[in-house]
Amino acid sequence: MSSIGTADAVVTDIELAVGGMTCASCANRIERKLNKLEGVTATVNYATEKARVHAPEGVDPAALVAQVEAAGYRAELPRPPADEQPAEAAADPDVSLRNRLITSTVLAVPVIAMAMVPALQFTYWQWISLTLAGPVVTWAAWPFHRAAWTNLRHGAATMDTLISMGVLAATLWSLYALLFGTAGVPGMVHPFELTIRPGEGAGNLYLEVAAGVTTFILAGRYFEAKAKRQAGSALRALLELGAKEVAVLGADGTERRVPTAQLAVGDRFVVRPGEKIATDGVVEDGSSAVDASMLTGEPVPVEVRPGDAVSGATVNAGGRLVVRATRVGADTQLAQMARLVEDAQNGKAAAQRLADRISGVFVPVVIALAAATLGFWLGTGEGAAAAFTAAVAVLIIACPCALGLATPTALLVGTGRGAQLGILIKGPEVLESTRRVDTVVLDKTGTVTTGRMSLTGVHVAGGVEEDEVLRLAGALEDASEHPIAAAVANAARERIGTLPPVEDFRGVEGLGVQGVVDGHAVLVGRPALLEQWSVPLREELAAAQAAAEEQGRTAVAVAWDGEARAVLVVADTVKPTSAQAISGLRALGLTPVLLTGDNERSARAVAAEVGIEDVVAEVLPADKVDVVKRLQEEGKVVAMVGDGVNDAAALAQADLGLAMGTGTDVAIEAADITLVRGDLLAATDAIRLSRRTLGTIKGNLFWAFGYNVAALPIAAAGLLNPMIAGAAMAVSSAFVVANSLRLRGFRAA
């Protein structure tokens, strides 16, 4: 909990973990219940299963929990970190659902086969069907029955209500037909005539409907639950990025390693080359290059020296540092980023499932129609059996058999095809966002560009060979750990091969390196290093340096034997397919925006190269979230493509988040879609595939509900024939499957 002071009152932020929700309408019901309390403003996120409550100071959190429980759901305050189970030890929350799905599938398949294939209808087959279907419609379907009962007690109806009523109606009527009708006689088979005629339904069995619907809906719920459970993984991944242990420096100069959690403000600790900085602090001794790209997006390591601030979880790429801690625990920049991600996830409007939205109207209408049918037939004097048959037929024919397949099959085929193309879509609610997106925000480093420094140009003075420059400079840089040095050394090794040995190597703080290669005294680094040795850059080399820096690139001067010989240009290069991908995004009606923590000049140069006009540069992680929010406030529906920890909060805030699979786990977990290939072209394919899959789901839903609506009048008229109902359901389901399978033909751009 946290308190925020205002001019009028103090508002407390309280977060509740909510359980028992089965669809987005449940979250809406809890929201309405909490908002009835005086002064309380609550938002409930179905995906993360959390409620964020703004309440006046003094409000008892227990009262909020009681209010949620009064609505028929579970709620509890978050446990202290010490009480939380490690991720490895925590039980799989989906294990019960998975067990129900497996059991239901094993038992339902033979029930459906016997009902649909006359050759399998041996003597007493109907009683075997009842035996197999019994556990499916009771134990496996229990979550639907329980949710329906909860909804009933609170005067509400959702898809669970329709599923439960349909399953129970089909089961109870089958029991009636078996025990008191003609369905239980030895040798009974379903009739083959496809005629519409009234009847009492005493020989009709609907066990395959009850078992099939239960299995299909359980499958959809299980895959949805798996996607939903990943919502909190981004926060866990963020917090795991920090250093686990730290070498604390005592007053006597001795070091002792302690868990990072034990660090206090003012403690001095040592960071060696290659280690992560344990927490936010200020450098007291030493100098180094620090890779802060995860926080800033800037690919070039930052040179730090005594007095400079450093952030926790960034990597020391150079020399030994002594740092004094200034912020620890929840106050660090990394922890603040974790809160940004969580706030973005909780504030994100949960997209309701299409079926849930339609069922909000469809379910009450079906129940009212069934009641009206019962009343009408009783009023006409047809008899209780015929009246009840017609009323139950309405519930059975409305039971969402094809609807159970509509979303899962399209999602299964669409996501399977996506996986083949390197596109991972997390869940059905993701697809709705792709249809509405009109603006795509692109991170620069690692998304539009490679995210790695490489040699892009060699400018030599007159009479100097490029190979000689690379041989001497590459050998010297190969002895350095700096990423820019690594770019030069790698390029030299690729072009020259084996590099000569270096003598008297020495790194010069913040300027470059010097040493002896093949008897030559070589200097490689900033022009200021050459000036220390009274070696000025020639006019043409100074012009090359200025041109490189104008484009936001890094210029490295090379000199030996007292004379400047060359300028090497190092930069984060644009991916070969980025320009084509930007054209593809524009063709989909999207406006691209380049968003980066890098400097303005570099960002503008990259944007011009790939064809982007809108650029926002030199932004921190919190600013990235603000940029996305500002675009949303302007009425834009925003997609965000990124790859780093610094993009995670913005990915979660965006209406649609796409993460490069070559990026960090945090970005991948915070996003809705993962692009395994690490190629921006995959973002174009992802949006096209998502839109196609959504269109298929809508077509499936239209057919499924259309079938129900068309068949309801026949059922209400008492003309339901079991073979017509069974055949229509089979055709409806087959159409849904066939329509979904068309997604297998999707091709990448």
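Parameters and conventions
Residues numbered from 1 in each chain as written. Predicted model: local features only at pLDDT ≥ 70, side-chain atom pairs only at ≥ 80, totals over all residues. Heavy atoms only, no water. Helix = DSSP H or I, 4+ residues; strand = E, 2+ residues; numbered from the N terminus. Buried < 20%, exposed > 50% of the residue type's maximum accessible area, 1.4 Å probe, protein only. Contact = heavy atoms within 4.5 Å. Areas by Shrake-Rupley, 256 points an atom, 1.4 Å probe, with all protein chains shown as cover. Expected span 1.5 Å × (residues − 1). Phe/Tyr/Trp six-rings, centres within 6.5 Å; stacked < 30°, edge-to-face > 60°. Lys NZ or Arg CZ within 6 Å of the ring centre and 35° of its normal. Pairing = 2+ DSSP bridges. Axes fitted to C-alpha atoms, helices over the stretch in contact; angles between N-to-C directions. Salt bridge = Lys/Arg side-chain N within 4 Å of Asp/Glu carboxyl O. pLDDT = per-residue confidence, 0-100. Arc of directions from axis to C-beta. Core = buried A, V, L, I, M, F, W, Y, C linked by side-chain atoms within 4.5 Å. Patch = residues over 30% accessible without salt bridge, like charges linked within 9 Å, V, L, I, M, F, W, Y side chains within 5 Å. UniProt positions renumbered as here; feature names shortened; annotations may be inferred. Polar contact = N/O pair within 3.5 Å; in protein donor to acceptor, adjacent residues only side chain to side chain.

Description of the overall build of the protein
Inference 1: Along its length, the protein carries 26 helices and 27 strands.
Inference 2: Split into buried and exposed, the 749 residues of the protein put 52% on the buried side.
Inference 3: Sequence-distant contacts, at least 24 apart, represent 69% of the contacts inside the protein between residues at least 6 apart.
Inference 4: When the accessible surface of the protein is summed, it comes to about 31800 Å², and 57% of that surface belongs to carbon and sulfur atoms.

Comments concerning helix 19 (residues 539-550)
Inference 1: Between its terminal C-alpha atoms helix 19 stretches 16 Å, which fits the 16 Å expected from twelve residues at 1.5 Å a residue.
Inference 2: Positioned one or two residues after helix 19, G552 has a phi angle of 80°, which is positive.

Overview of the packing of aromatic side chains
Two aromatic rings, taken as a pair, are described by how far apart their centres are and by the angle between their planes.
Inference 1: This structure, assessed with the given rule, holds three aromatic pairs.
Inference 2: Arranged with centres 5.4 Å apart and planes meeting at 80°, the rings of F376 and W377 form a pair that is edge-to-face.
Inference 3: Classification of W377 as buried rests on a relative accessible area of 17%.
Inference 4: We note R100 situated over the ring of W139; from NZ or CZ to the ring centre the distance is 4.9 Å.

Overview of the side chain of H145
Inference 1: Note that H145 resides in helix 5 (residues 142-153).
Inference 2: In this structure, H145 is in contact with V137, T138, S164, V167 and L168, ignoring residues within four places of it in sequence.

Topic: the sheet that holds strand 26 (residues 656-660)
Inference 1: Taken in spatial order, the seven strands of this open sheet run 15-27-26-25-16-23-24, and their pairing is mixed. The sheet terminates laterally at strand 15 (423-425) and strand 24 (614-616), the two strands that pair on one side only. The average angle at which neighbouring strand axes cross in this sheet is 20°, direction not considered.
Inference 2: In terms of strand pairing, strand 16 (residues 439-443) meets strand 25 (residues 638-642) through four bridges, oriented parallel. Following the sheet pairing, V440 is matched in strand 25 by A639.

Remarks on the environment of E69
Inference 1: Examined against the element boundaries, E69 turns out to sit in helix 2 (residues 61-70).
Inference 2: Judged by its relative accessible area of 46%, E69 falls in the partly exposed class.
Inference 3: Remark: the alpha-carbon pair of E69 and K33, spanning 36 residues in sequence, is separated by 9.9 Å.

A word on the pattern of salt bridges
Inference 1: Using the criterion set out here, one finds 20 salt bridges in the structure.
Inference 2: Here E15 and R52 are joined by a salt bridge, their closest N and O atoms 3.1 Å apart. Here E15, found in strand 2 (residues 10-19), pairs with R52, found in strand 4 (residues 50-56); they are 37 residues apart in sequence, far enough to count as distant.
Inference 3: By relative accessible area, E15 is classed as buried at 16%.
Inference 4: The closest approach of N and O atoms between E284 and R268, which form a salt bridge, is 2.7 Å. Of this pair, E284 sits in strand 9 (residues 280-285) while R268 sits in strand 8 (residues 268-271); the two residues are 16 residues apart in sequence, bridging distant segments of the chain.
Inference 5: Residue E284 is classed as partly exposed on the basis of its relative accessible area of 33%.
Inference 6: Three or more residues joined by partner-sharing salt bridges are found here, namely E255, R272 and R320.

A word on the pairing of strand 18 (residues 502-508)
Inference 1: With five bridges joining them, strand 18 and strand 19 (residues 512-517) adopt antiparallel strand pairing. In the sheet register, G507 faces strand 19, and the bridge partner there is V513.
Inference 2: Where strand 18 hands over to strand 19, the hairpin turn is made up of three residues, of which G510 adopts a positive phi near 70°.

What about the confidence of the model for the protein?
Inference 1: In the predicted model, the protein carries a mean pLDDT of 79, and the fraction of residues at 70 or more is 81%.
Inference 2: When pLDDT is averaged over each element of the protein, helix 4 (residues 125-140) comes out on top at 93 and strand 1 (residues 2-5) at the bottom at 46.
Inference 3: Every residue in residues 1-9 scores below 50 in pLDDT, and together they form 16 contacts with partners more than four places removed in sequence or on other chains.

Comments concerning helix 20 (residues 578-587)
Inference 1: Those residues of helix 20 lying buried are S578, A581, I582, G584 and L585. The buried residues of helix 20 occupy an angular sector of 160° when the element is viewed end-on, so they sit on one face.
Inference 2: Where helix 20 is buried, its residues touch strand 16, helix 15 (444-448), strand 22 (563-574), strand 23 (591-595), helix 21 (600-610) and helix 25 (681-716).

Some points on the nonpolar core
Inference 1: Among the nonpolar cores identified, the biggest contains 88 residues, and L442, L594, V641, L658, I673, L675 and L680 are the most heavily contacted of them.
Inference 2: Looking at this core element by element, the count peaks at 15 residues for helix 25.
Inference 3: Contacts of L594, omitting those with residues within four sequence positions, involve L442, D443, K444, V448, A603, V606, A607, I612, D614, V615 and V616.
Inference 4: Formed by 39 residues, the second largest nonpolar core is a distinct cluster that contains V508, A548, W560 and V570.

What about a nonpolar patch on the surface?
Inference 1: Together, M116, V117 and L120 give the surface a local cluster of nonpolar side chains, amounting to about 230 Å² of exposed area.
Inference 2: In this structure, V117 sits in the loop between helix 3 (95-116) and helix 4.
Inference 3: Given a relative accessible area of 36%, V117 falls into the partly exposed group.

What to know about the UniProt feature "transmembrane region" (unreviewed entry) in the protein
Inference 1: If you check UniProt for "transmembrane region" (unreviewed entry), the listed places come out as residues 101-118, 124-142, 162-185, 205-223, 358-378, 384-407, 700-717 and 723-741 in our numbering.
Inference 2: Across residues 124-142 one finds 89% helix and 0% strand; the C-alpha atoms that close the span lie 27 Å apart.
Inference 3: For residues 162-185, the helix share is 75%, the strand share is 0%, and the end-to-end C-alpha distance is 31 Å.

Quick notes on the environment of T380
Inference 1: By the element assignment, T380 lies in the loop between helix 11 (354-379) and helix 12 (384-398).
Inference 2: Looking at T380, its side chain comes within polar contact range of the main-chain oxygen of W377, at 2.9 Å.

What about the environment of L595?
Inference 1: As for its position among the elements, L595 is in strand 23.
Inference 2: Put simply, L595 and E618 are 23 residues apart on the chain and 8.5 Å apart in space, counted from C-alpha to C-alpha.
Inference 3: If near-sequence neighbours (up to four positions away) are discounted, L595 is found in contact with V441, L442, D443, K444, V616, V619, K624, V627 and M640.

Considerations on the sheet that holds strand 11 (residues 302-304)
Inference 1: What the three strands build is an open sheet, ordered 11-10-13; its pairing is antiparallel. Edge positions in the sheet fall to strand 11 and strand 13 (315-316), since each of these pairs with one other strand and no more.
Inference 2: Two strands pair when backbone bridges link them, and strand 10 (residues 288-291) and strand 13 are joined in this way by two bridges, in the antiparallel orientation. Opposite D291, over in strand 13, you have V315 as the bridge partner.

Re unusual backbone geometry
Inference 1: One non-glycine residue, Y124, lies in the positive phi region at around 65°.
Inference 2: Tracing the chain through its elements places Y124 in the loop between helix 3 and helix 4.
Inference 3: For D518, which is not glycine, the phi torsion reads 50° and is therefore positive.
Inference 4: Here D518 is to be found in the loop between strand 19 and strand 20 (520-525).
Inference 5: Judged by its relative accessible area of 44%, D518 is partly exposed.

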